[in-house]
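An overview of the molecular structure
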Amino acid sequence: AVNNHQVDIIKEGFDAGIRYGEIIPKDMIAVPLTGSLKWVVVAAPAYLAKYGAPGLPSELKDHSCINMRLGDGAVYQWELGNDEA
């Protein structure tokens, strides 16, 4: 099963789990399965034709966006940017 809820793997009787990011309990051993993940913002061409494309990240608040909920039910706060200064 796929679940974004933070699960105590041992307490729940699992031998292993997969998590993204760096939220790993101190008593667990983590082995990366992929390289660094990169998130992108995408939209359907029909949506952009109807509503226009945002020019700045702050304009996303005026658009219909799909958000992700964290294990505690909070909405994930987007972290937009790049590695440039």
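A brief report on the enclosed structure follows. Source: prediction; values computed, not measured.

**Considerations on the overall build of the protein**
The number of helices and strands found in the protein is 1 helix and 0 strands. Across the 85 residues that make up the protein, the buried fraction comes to 4%. Look at the contacts in the protein between residues 6 or more apart in sequence, and 22% of them connect residues 24 or more apart. Carbon and sulfur atoms form 57% of the exposed surface of the protein, whose accessible area is close to 8200 Å².

**Overview of the pattern of salt bridges**
For the coordinates displayed, the defined rule picks out 1 salt bridge. Between lysine 61 and aspartate 62 there is a salt bridge whose closest N-O contact spans 3.9 Å. Accessibility expressed as a relative area gives 66% for lysine 61, which makes it exposed.

Criteria and thresholds
- Counting of residues starts from 1 at the beginning of each chain's written sequence and follows it residue by residue.
- Reporting in this predicted model follows two pLDDT cut-offs: at least 70 for local features of residues, and 80 or more for side-chain atom pairs to be given and counted; totals over whole chains, interfaces and linings ignore these cut-offs and use all residues.
- Note that the side-chain values use all heavy atoms of the structure and ignore hydrogens as well as water.
- Secondary structure counts use DSSP, requiring at least four H or I residues in a row for a helix and at least two E residues in a row for a strand, with both numbered from the N terminus.
- Burial classes follow relative accessibility: with a 1.4 Å probe on protein chains only, a residue under 20% of its type's maximum area counts as buried, one over 50% as exposed, and anything between as partly exposed.
- Pairs of residues are marked as contacts when any of their non-hydrogen atoms sit within 4.5 Å.
- Shrake-Rupley sampling with a 1.4 Å probe provides the accessible areas, and residues are treated as covered by the protein chains on show and by no other component.
- Criterion for a salt bridge: a side-chain nitrogen of Lys or Arg within 4 Å of a carboxyl oxygen of Asp or Glu.

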